Amino acid sequence: MSLPATDSDISDIIARAEAGQRLSADDGLRLFRSQDIAGLGYAANLVRERMHGDRTTYIVNRYLHYSNVCWDTCKFCSFYRKPGEPGSFAKPVEQIVEWARPFRDQGVQELHIVGGLHPSLKYDYYLELLRALRRELPGTSLKGFTAVEVDWFCRLSRKDARTVMRELHEAGLDSLTGGGAEIFAPRVRKLVCPNKIDAARYFEIHAVAHEMGLKTQVTMLYGHVETDEERVDHILRVREQQDRTGGFQVFIPLAYHPENNALGYLPRATGLTDLKVYAISRLLLDNVPHLKCYWISAGLKLAQLALSHGVDDLDGIVYEHERIFHDAGSRTPQQVSEEGLRKLIRDAGRTPCRRDARYNLLETAQA
Ligand code: SF4
């Protein structure tokens, strides 16, 4: 791809998006180089409304960080602690079950479970955690672990990904989270997370989940050292994988937050960049049904704008203390009430709708 630094005339690309044609890598790069945010928003909104109308979904969920101990040292990560370091923790299964018990009566649709790569927790701990949560919360979907954690479980258990995914699923796991994708380009991974699994392994593990009938998420951590070309490459790798296995139900762009980590000298991506990333993701990813704004990271005000730049899903009603982005300097609220989120959606001209973990609509509120 070799294009001028700015290319504001994107009318031909908008016309092709309007016609429902698949956009190319060159198109994606021209969109990133364009300053025509109004045109981008128009096109992304058109695609979004064609797919989902005015509806904006959200889920009543909780976050479980079972541990923040990790042997790895990804440069953008503010979450991890070394074993024994002040602030490090690894929660016993019994303590987690006690914490989760009230969710049974609170209509919690989904538990989002993530941690680090703990050097001494045994593989059995994760299976027991899932079994115990499944017993305690039979009606709650357990969305757990990144592909990076699953790869770690393979190493702990000396089993292959298919076996580990089957055992996790039998223990209660319903879907995989999308973390660990960062930016797929090897140049970027070498700079910011050199020890992490590569794109091929990430997609291999998600493909195994998809073959088993599980739906998964996929993310993109942008706004650090990646180029526009590497953003486009990342999004198109997702599109190619989705053509093959079809199990990604949502794409989640996440802006890098620069506090308390080794890349803290970098500025936070601007709101304009955030909106561009949402809009271009929606335009390029014609085969991934949903585009999520994770308001915990993006902020509620930007989340409202994102609803007219391609986003159709907001995450979520979160009550438990969120660590990953708040440790990295996010100033967003730790929680928002369901009525607060619905008002935010209605004020953006959309119709709020509660969903389950598989994006089945549970009800529709009137705008
Ligand atoms: S991003 Fe994940 S793997 Fe990397 S240091 Fe943080 S917790 Fe560990």
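The structure under discussion appears in the preceding block.
This report concerns the structure included in the present document. (Residues numbered from 1 in each chain as written. Predicted model: local features only at pLDDT ≥ 70, side-chain atom pairs only at ≥ 80, totals over all residues. Heavy atoms only, no water.)

Right, let's talk about the site of the ligand for a bit. If you check the shell around the ligand, you find Cys70, Asp72, Cys74, Phe76, Cys77, Tyr80, Gly116 and Lys196 and nothing else. Considering only residue class, the shell around the ligand consists of 5 nonpolar, 1 polar and 2 charged. (Near = heavy atom within 4 Å. Nonpolar A, V, L, I, M, F, W, Y, C, P; charged D, E, K, R; others polar.)

It is the contact of helix 1 (residues 11–18) with helix 3 (residues 37–52), at a shortest axis distance of 10 Å, that shows an interaxial angle of 5 degrees. Accordingly, the angle class assigned to the pair helix 1 and helix 3 is roughly parallel. Packed against helix 1, whose contacting residues are Ile14, Ala17 and Glu18, the element helix 3 presents Gly39, Tyr42, Ala43, Leu46, Val47 and Arg50 at the interface. (Axes fitted to C-alpha atoms, helices over the stretch in contact; angles between N-to-C directions. Helix = DSSP H or I, 4+ residues; strand = E, 2+ residues; numbered from the N terminus. Parallel < 35°, antiparallel > 145°, perpendicular 65-115°, else oblique. Contact = heavy atoms within 4.5 Å.)

So, on to the nonpolar core. It is characteristic of soluble globular proteins that their nonpolar side chains tend to be buried jointly. Among the nonpolar cores identified, the biggest contains 116 residues, and Ile113, Phe145 and Leu168 are the most heavily contacted of them. Apart from the residues within four sequence positions on either side, Phe145 is in contact with Tyr66, Ile113, Val114, Tyr126, Leu130, Val150, Phe153, Leu168, Leu173, Leu176 and Thr177. (Core = buried A, V, L, I, M, F, W, Y, C linked by side-chain atoms within 4.5 Å. Buried < 20%, exposed > 50% of the residue type's maximum accessible area, 1.4 Å probe, protein only.)

On to the pattern of salt bridges, then. Inspection of the entire model under this criterion finds 34 salt bridges. Residues Lys196 and Glu182 are paired through a salt bridge, measuring 2.6 Å at the closest nitrogen-oxygen approach. One end of the pair, Lys196, is in the loop between helix 8 (186–192) and helix 9 (199–211); the other, Glu182, is in the loop between helix 7 (161–171) and helix 8, with 14 residues separating them in the sequence. No difference in accessibility class separates Lys196 from Glu182, as the two residues are buried. Its salt-bridge partner being Glu338, residue Arg342 comes within 3.6 Å of it at the nearest N-O pair. On the criterion of helical spacing, the pair formed by Arg342 and Glu338 is a turn pair, its members being 4 residues apart in helix 14 (residues 338–347). Comparing Arg342 with Glu338, the two get one shared label, buried. (Salt bridge = Lys/Arg side-chain N within 4 Å of Asp/Glu carboxyl O.)

Summarising burial for strand 5 (residues 248–255): 8 of the 8 residues are buried, a large majority. The sheet contact formed by strand 4 (residues 216–222) and strand 5 spans 7 bridges and is parallel. Its bridge partner being in strand 5, Leu221 is matched across the sheet by Leu254. Inspection of the sheet shows strand 5 paired to strand 6 (residues 290–294) by 2 bridges, in the parallel sense. Paired with Val250 across the two strands is His290, which belongs to strand 6. Crossover connection from strand 5 via helix 11 (residues 271–284) to parallel strand 6: handedness right-handed. (Pairing = 2+ DSSP bridges. Right-handed = clockwise from strand over helix to strand, strands pointing away.)

So, on to the side chain of Gln241. Tracing the chain through its elements places Gln241 in helix 10 (residues 228–245). Residue classification places Gln241 among the buried positions, given a relative accessible area of 4%. In contact with Gln241, not counting residues within four places along its chain, are Phe203, Ala207, Gly246 and Phe248.

Turning to the packing of aromatic side chains, a few remarks are in order. Here the structure, examined in full by the defined rule, presents 15 aromatic pairs. A ring pair is formed by Tyr66 and Phe145, whose centres lie 6.0 Å apart and whose planes are at 70 degrees; its orientation type is edge-to-face. Separated by 79 residues along the polypeptide, Tyr66 in the loop between strand 1 (55–65) and helix 4 (93–100) and Phe145 in the loop between strand 3 (141–144) and helix 6 (147–157) bring together distant segments of the chain. Taken as a pair, Tyr66 and Phe145 share a single burial class, namely buried. Each ring, one from Tyr202 and one from Phe203, has its centre 5.7 Å from the other, and the planes form 85 degrees; the classification is edge-to-face. For Tyr202, a relative accessible area of 0% gives the class buried. These aromatic residues form a ring-pair network of at least three members: Tyr66, Tyr123, Tyr125, Tyr126, Phe145 and Phe153. Over the aromatic face of Phe103 sits the side chain of Arg62, whose NZ or CZ is 5.1 Å from the ring centroid. Over the ring of Tyr359 we find Arg355, and its NZ or CZ is 3.7 Å from the ring centre. (Phe/Tyr/Trp six-rings, centres within 6.5 Å; stacked < 30°, edge-to-face > 60°. Lys NZ or Arg CZ within 6 Å of the ring centre and 35° of its normal.)

Along the chain, Lys276 turns up in helix 11. On the basis of relative accessible area, Lys276 is assigned to the buried category, the value being 11%. Residues Lys276 and Asp36, 240 residues apart in the sequence, show an inter-C-alpha distance of 9.5 Å.

Leave glycine aside and you will find that most residues have negative phi; peptide bonds, for their part, are mostly trans. For Phe145, which is not glycine, the phi torsion reads 70 degrees and is therefore positive. Residue Phe145 is classed as buried on the basis of its relative accessible area of 0%. Here Asn260, not a glycine, exhibits a phi torsion of approximately 60 degrees, which is positive. With respect to the helices and strands, Asn260 occurs in the loop between strand 5 and helix 11.

Turning our eyes to something else, we now look at helix 1. All buried positions along helix 1 are accounted for by Ile13, Ile14 and Ala17. Angular distribution of buried residues about the axis of helix 1 spans 100 degrees; they occupy a single face of the element. Contacts from the buried residues of helix 1 go to helix 2 (25–33), helix 3 and helix 11. Phi turns positive, to about 80 degrees, at Gly20, one or two residues after helix 1. (Arc of directions from axis to C-beta.)

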